[in-house]
Each structure stands twice: as C-alpha cells, then as structure tokens.
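Here is how the chains run, residue by residue.
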Amino acid sequence: MMDKIEHIGIAVKSLEAAIPLYEQLLNTPCYKTELVAAENVNTAFFNAGPNKIELLESASPDGVIAKFIEKKGEGIHHIAFAVADIDAEMKRLAAAGFTLLNETPKQGADNKLVCFLHPKNTNGVLIELCMEKPAAQ
Ligand SMILES: C[C@@H](C(=O)O)C(=O)SCCNC(=O)CCNC(=O)[C@H](O)C(C)(C)COP(=O)(O)OP(=O)(O)OC[C@H]1O[C@@H](n2cnc3c(N)ncnc32)[C@H](O)[C@@H]1OP(=O)(O)O
Ligand SMILES: [Co+2]
C-alpha cells in the first residue's frame with residue numbers, strides 16, 4: 001500500500017536562487033541540503049505540513065534534471081509516495097505491469113531507499129517510492 005505523499009520534487013536551474021524563494025513562499029527555512037551523488041542531483045528540503053518539497057538542481061550538465069529542464073523547463077518533476085515495505089511494493093507494481101526504473105532499491109536523499117516508475121505507464125507522471133532505511137543491525 002502507498003502511504004502519504006512523502007514529497008513533491010521540483011526541478012530548478014539554481015538552488016541558490018530557488019531556496020530563498022521557496023523559503024518565502026512556504027514561510028519556513030530550508031531544513032537541509034544534500035548532494036545525492038548516485039542521482040547526480042543537489043537537493044534542498046522544506047517541510048510543508050506533513051509533506052515535503054524537494055528542490056532538485058542538476059549536479060552536472062548531463063544529469064537527468066538538466067535533461068528534464070532542457071526539454072520541459074523548470075517545474076514539477078516527480079511525486080514521491082512513502083511506502084512501508086519497498087521490496088513488496090516494487091514486486092506488486094512490477095507484477096501489475098508498471099515499469100520500474102531500478103530493479104533493486106537505491107540510495108535516495110534523507111536516508112531513504114527509493115525506486116522510480118517510468119512516466120510512460122503513469123499518465124506522464126514520474127513516481128518515486130521511498131522508504132526510511134532500516135537502522136543498521
Ligand atoms: C534524490 C532522490 C530522492 O528524492 O531521494 C530524487 O528524487 S532524485 C530525482 C532524479 N532522479 C530520477 O529522476 C531518476 C529516475 N529518472 C529516470 O530514470 C529518467 O529521468 C527517465 C524518467 C527514465 C527519463 O529519462 P530518459 O533518458 O528516457 O529521458 P528522456 O528525456 O528521453 O525522456 C523520455 C520520456 O519521458 C519523459 N520524461 C522524462 N522525465 C520526466 C519526468 N520527470 N516526468 C514526466 N515525464 C518525463 C520525457 O518527456 C520523454 O517523453 P516523450 O517520449 O513523450 O518525449
Ligand atoms: Co525525490
């Protein structure tokens with residue numbers, strides 16, 4: 001089962017410019033920035049009630065965010081749902097015919113394991129599943 005919307009990802013050209021703007025918009029400070037090297041993105045997070053906003057800036061000119069902005073411009077890039085068991089959700093969705101963009105959960109921001117679903121099977125919306133990483137044994 002999908003739980004709440006964990007965050008909405010927004011592609012921006014410049015975090016330096018977008019962070020103060022979103023701080024003003026949401027009337028709350030950015031609580032963390034993080035480079036997610038595996039995804040080639042710099043991220044910035046804000047709380048919005050029970051949900052979060054994730055700003056995404058490409059960490060290199062050939063990253064997925066740079067490509068997205070080149071094609072579509074800045075804007076909403078993905079919707080992330082919190083899931084309690086990412087392996088079980090990935091199995092369920094693959095069996096239902098969705099296209100998983102990674103076959104095993106991968107490292108996301110904020111100590112999460114994540115999986116993306118191709119937008120071609122989800123009405124043009126890139127979906128992210130994310131699960132809090134279990135504490136190391
Ligand atoms: C840090 C982490 C976290 O929260 O923890 C994150 O969020 S990282 C967030 C950044 N990482 C990711 O997004 C990883 C998953 N994304 C990907 O693997 C890729 O971006 C794909 C979604 C497969 C697209 O890559 P691809 O090389 O195929 O790009 P492309 O430009 O040729 O796009 C193929 C088709 O998908 C569409 N397309 C591309 N990105 C899209 C998006 N974000 N939302 C909706 N549609 C999208 C294009 O317009 C195109 O449609 P047409 O064919 O109709 O022209
Ligand atoms: Co995300």
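What counts as what
Residues numbered from 1 in each chain as written. Chains lettered and ligands numbered in written order. Predicted model: local features only at pLDDT ≥ 70, side-chain atom pairs only at ≥ 80, totals over all residues. Heavy atoms only, no water. Donors = N, O, S within 2.8 Å, 3.2 Å for Na, K, Ca; no water. Tetrahedral: all angles 85-135°; square planar, octahedral: opposite > 155°, others 65-115°. Helix = DSSP H or I, 4+ residues; strand = E, 2+ residues; numbered from the N terminus. UniProt positions renumbered as here; feature names shortened; annotations may be inferred. Contact = heavy atoms within 4.5 Å. Near = heavy atom within 4 Å. Polar contact = N/O pair within 3.5 Å; in protein donor to acceptor, adjacent residues only side chain to side chain. Areas by Shrake-Rupley, 256 points an atom, 1.4 Å probe, with all protein chains shown as cover. Nonpolar A, V, L, I, M, F, W, Y, C, P; charged D, E, K, R; others polar.

Under the annotation held in an unreviewed UniProt entry, the chain carries the name Methylmalonyl-CoA epimerase and is attributed to Terrimonas rubra.

A. Here's a closer look at the coordination of the cobalt ion (ligand 2). Taken together, His7 (NE2), Glu54 (OE), His78 (NE2) and Glu128 (OE) make up the full set of protein donors to the cobalt ion (ligand 2), lying 2.1 to 2.2 Å away. Coordination at the cobalt ion (ligand 2) is octahedral, judged from the 6 donor atoms that bind it and the angles of 76 to 173 degrees they form at the metal. Here the donor residues for the cobalt ion (ligand 2) map to a single chain with the spacing H-x46-E-x23-H-x49-E. You can see histidine 7 sitting in strand 1 (residues 2–11) and its partner glutamate 128 sitting in strand 8 (residues 127–132), a full 121 residues away along the chain.

B. Representation of the UniProt feature "domain: VOC" (unreviewed entry) in the chain within the structure. According to UniProt, the positions carrying the feature "domain: VOC" (unreviewed entry) are residues 4–132. In this annotation, residues 4–132 is assigned 24% helix and 40% strand; the end-to-end C-alpha distance for the span is 13 Å.

C. Representation of the environment of asparagine 47 within the structure. For asparagine 47, the position within the fold is in strand 3 (residues 41–48). Through-space distance from the C-alpha of asparagine 47 to that of cysteine 30 is 7.8 Å; in sequence the pair is 17 residues apart. Discounting chain neighbours no more than four positions away, the residues touching asparagine 47 are Thr28, Tyr31 and Lys52.

D. Structural view of the site of ligand 1. Glu39, Glu54, Lys67, His78 and Ala109 are the nearest of the 21 residues found near ligand 1. For ligand 1, a nitrogen atom lies 2.8 Å from a polar atom in the side chain of glutamate 39. Here ligand 1 has 1000 Å² of accessible area as a free molecule, and 72% of this is covered by the chains. Top element by residues in the shell around ligand 1 is helix 2 (residues 64–72). It accounts for 5 residues. Partitioned by chemical class, the residues of the shell around ligand 1 number 9 nonpolar, 6 polar and 6 charged.

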